[in-house]
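Topology and contacts: notes
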Amino acid sequence: MDHIITIVGVGGFVLAISLAIITFSVQIGRWMEKRKSHDKGIGTLKSDVQILKSDVKRMDSKLNTIDSTLVGLASAVNMLLSKAGFGKEITISESPIKLSKVGKAISDNVKAEEIIKDQMYRLRPMFESISNSYDIQEKAMELGESIYNEVDDDVKDNIKKEVYRTGLLLLQAFPIFSILLRDAIMEEQGDKGRVVYCLLIAKPHNPVALNH
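Numbering of residues starts from 1 in each chain and follows the order in which that chain's sequence is written. Only residues with pLDDT of 70 or above have their local features reported here, since the model is predicted, and side-chain atom pairs are shown and tallied only from 80 upward, although totals for entire chains, interfaces and linings are computed over all residues. For side-chain calculations, the full set of non-hydrogen atoms in the structure is used, while hydrogens and water are omitted.

Before going further, it helps to examine the pattern of salt bridges. Note that side chains of opposite charge can pair when their charged atoms are close. Within this document, salt bridges are pairs made up of a side-chain nitrogen of Lys or Arg and a carboxyl oxygen of Asp or Glu, the two lying within 4 Å of each other. Summed over the entire model, instances satisfying the criterion amount to 4 salt bridges. Across the pair E188 and R124 runs a salt bridge, and its minimum N-O distance is 2.7 Å. One end of the pair, E188, is in helix 6 (residues 174–189); the other, R124, is in the loop between helix 3 (112–123) and helix 4 (133–150), with 64 residues separating them in the sequence. For R124, a relative accessible area of 36% translates into the label partly exposed. Where E142 meets K139, a salt bridge forms, and the shortest distance between an N and an O atom there is 3.7 Å. Residue E142 and its partner K139 are both found in helix 4; the two are separated by 3 residues, about one turn of the helix. To sort residues, take the accessible area from a 1.4 Å probe on protein chains only and compare it with the maximum for the residue type: under 20% means buried, over 50% means exposed, and anything in between is partly exposed. By relative accessible area, which is 35% here, E142 ends up partly exposed. Secondary structure follows DSSP: runs of H or I at least 4 residues long count as helices, runs of E at least 2 residues long count as strands, and numbering of each begins at the N terminus.

Here the axes come from fitting lines to C-alpha atoms, over the contacting stretch only for helices, and the angles between their N-to-C directions go from 0 to 180 degrees. Interaxial distance between helix 4 and helix 6 falls to 7 Å at its minimum, and their mutual angle equals 135°. The orientation of helix 4 with respect to helix 6, classified from their angle, is oblique. Relative to helix 6, helix 4 is oriented so that their crossing is right-handed. Here helix 4 contributes S133, I136, Q137, A140, M141, L143, G144, E145, I147 and Y148 to the contact with helix 6, which in turn contributes F174, F177, S178, I179, L181, R182, I185, M186 and Q189. Put simply, Ala, Val, Leu, Ile, Met, Phe, Trp, Tyr, Cys and Pro go in the nonpolar bin, Asp, Glu, Lys and Arg in the charged bin, and everything else, Gly too, in the polar bin. Class assignment for the residues of the contact of helix 4 with helix 6 results in 12 nonpolar, 5 polar and 2 charged. Each angle is binned into one of four classes, with values under 35 degrees roughly parallel, values over 145 roughly antiparallel, values of 65 to 115 roughly perpendicular, and all other values oblique. We call a crossing left-handed when the near helix sits turned anticlockwise from the far one by less than a right angle, and right-handed when that turn is clockwise. Residues are treated as being in contact if the distance between any of their heavy atoms lies within 4.5 Å.

Time to look at the nonpolar core. In terms of nonpolar packing, the biggest core is built from 32 residues, with I116, F127, I147, I159, I176, F177 and L181 touching the most fellow members. For this core, the secondary-structure elements that each account for two or more residues are helix 2 (101–110), helix 3, helix 4, helix 5 (153–166) and helix 6. For this core, the element with the highest residue contribution is helix 6, accounting for 9 residues. Contacts of I176, omitting those with residues within four sequence positions, involve I90, L99, G103, I106, S107 and A112. Among the buried residues, those of types Ala, Val, Leu, Ile, Met, Phe, Trp, Tyr and Cys that are joined through side-chain atoms within 4.5 Å form a nonpolar core.

Right, let's get into helix 4. To estimate how far a helix should extend, the number of its residues minus one is multiplied by 1.5 Å. Helix length check: helix 4 (18 residues) gives 25 Å between terminal C-alpha atoms against 26 Å at 1.5 Å per residue, within 8%. L143 marks the point of greatest bend in helix 4, at about 40°. Here a polar contact means two N or O atoms within 3.5 Å. Within protein one must be a hydrogen donor candidate and the other an acceptor candidate, and residues neighboring in sequence count only if both atoms are side-chain atoms. The residue sitting at the N-terminus of helix 4 and contributing the capping side-chain oxygen is N132; that oxygen lies 2.8 Å from the backbone nitrogen of Y134. Each residue is assigned a bend, namely the angle between axes fitted to the seven residues that terminate at it and the seven residues that start at it.

Shown next, in the form of structure tokens:
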């Protein structure tokens, strides 16, 4: 009788172990399925992140293009405004573009040349890869407003007062800094930047578009 009880006890223990193993295996299987689903989700997420990065890069490229276009438009508008002074034009359309008498007077009164000299340390590197005189002028035109933005508030007030006294808009004064910067860069670059420029200024004055 004891022998039978022992066999039954052992059988029950084995059965319990077997059930535990089966239960554990089922749990392992479920866990593996969840892991596969989780890994698949991570893979999908990584793919989505890569797509998002690609979209962001394309968006950055488009924004850079738009920004470059806006900068070009802004400098063009400023140059047009500098010629629309109704007898008080800031620049004259000669070869190359020069400051008018009004522009020179404002430049002298606000000490524009000193402003350019003070900022050359930050402006000079922007022209290191540019040697064509036209490109130098274009780059300088883009920087006219930023030169104004970098000066102290009291200098800004002085510039505003001078522009107001002359009867012009502040935007019309930005090309003053641009032209002075262009000339300073060409002078620093020597023959490299001044070959075309010197040929231009050696010609007789010849307005190309607008009379002054």
